[in-house]
Each structure stands twice: as C-alpha cells, then as structure tokens.
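# A closer look at the structure
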Amino acid sequence: QVQLVESGGGLVQAGGSLRLSCAASGITFRLMTMGWYRQAPGKQRDLVARITSGGITNYADSVKGRFTISRDNAKNTMYLQMNSLKPEDTAVYYCNLFPRPFDSWGQGTQVTVSS
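So, a few notes on the structure that sits alongside this text. Predicted model, so just to flag it, every value in this text is computed and none were measured. Sequence order as written defines residue numbering, which begins from 1 separately in each chain. For this predicted model, a pLDDT threshold of at least 70 governs which residues receive local features, and a threshold of 80 or more governs which side-chain atom pairs are given and counted, while totals over whole chains, interfaces and linings are taken from all residues. Computation of side-chain values: all heavy atoms of the structure, hydrogens and water removed.

### Concerning the state of the cysteines
Note on terminology: disulfide denotes any pair of cysteine sulfur atoms within 2.5 Å. A full pass over the atoms with the stated rule returns one disulfide. For Cys 22, the disulfide goes to Cys 95, at an S-S distance of 2.0 Å. Its S-S torsion of about 75° marks the bond between Cys 22 and Cys 95 as right-handed, since a negative value means left-handed. Placement of the pair is Cys 22 in strand E3 (residues 18-25) and Cys 95 in strand E9 (residues 91-97), with a sequence separation of 73 residues. By the burial criterion, Cys 22 is buried, and Cys 95 matches it. Secondary structure elements follow DSSP: runs of H or I no shorter than four residues count as helices, runs of E no shorter than two count as strands, and numbering proceeds from the N terminus. We call a residue buried when its accessible area falls under 20% of the maximum for its residue type, exposed when it is over 50%, and partly exposed in between, using a 1.4 Å probe and counting protein chains only.

Here is the structure:
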C-alpha cells in the first residue's frame, strides 16, 4: 500500500518561508523520481518541482529561484523549501511520483500566503 503524507503547510505573509515534507512508504523511494504538485482553488493540479533518484532537479518557471526541492533517501522523505512566498503560491501542495503519479494521493498540505 502506497502512502504519501505531506506536512509543513501553514499561513504566512508574503515574503515568508515554509518547508514542506513528504513522507513516503510502500514504494522503493530511492529509485523513484518524485515531484511536488500544487492545486489552487478552481485550478488544475500542476507540477511545481521534481527530483530524480540521483538528485537532479527541475522547477516550474513560476517558482524557479525561490523554491528548492530535496530528498533524503535514508528517511524516505522529500522536502520543498519555499522562500519569498507570494500570494499566487497559495494552494494545496501534494507529493507523488513523476511523471506517472500513483492514484494514492495524500491529503496534501495547505499553504496560504497573505498579502
């Protein structure tokens, strides 16, 4: 059974920072390319960043230079360091495999950025 548990979201002012965590189980985490996704109200779910098993990273243009994706394979955990947050970053953030996510999405973690 695949489980992906996101945490670390919250309410912050514009310009603030948060660090999100994704705890994975039921998969061979160290071999998987993983991604952070987000979904704002009324919008589609989009990929924010991805990281390969070897640590190669890619970012959506909207977050490039502000967010940093990382992973700790020994802990089966992925992180998203979010700096210089903007109101447009407000969304529910999810973790999953990339490019073919499992259907077992977690509950996500809410990030709200006030202006």
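Still to come is the rest of the account.
### Remarks on the pairing of strand E1 (residues 3-7)
Residues Leu 4 and Glu 6 line the buried face of E1, whereas the alternating positions Gln 3, Val 5 and Ser 7 sit on a face that is not buried. Paired strands, in this sense, are two strands between which DSSP finds at least two bridges. Both E1 and E3 contribute to a ladder of five bridges, which runs antiparallel. In the strand pairing of E3, Ser 7 is matched with Ser 21.

### A word on the pattern of salt bridges
Any Lys or Arg side-chain nitrogen located within 4 Å of an Asp or Glu carboxyl oxygen qualifies as a salt bridge. A full pass over the atoms with the stated rule returns three salt bridges. Here Arg 66 and Asp 89 are joined by a salt bridge, their closest N and O atoms 2.8 Å apart. With Arg 66 in the loop between strand E6 (57-59) and strand E7 (67-72) and Asp 89 in the loop between strand E8 (77-82) and E9, the pair connects residues that are 23 residues apart, well separated along the chain. Given a relative accessible area of 11%, Arg 66 falls into the buried group. Among the ionic contacts, a cluster of salt bridges with common partners joins Arg 38, Arg 66 and Asp 89.

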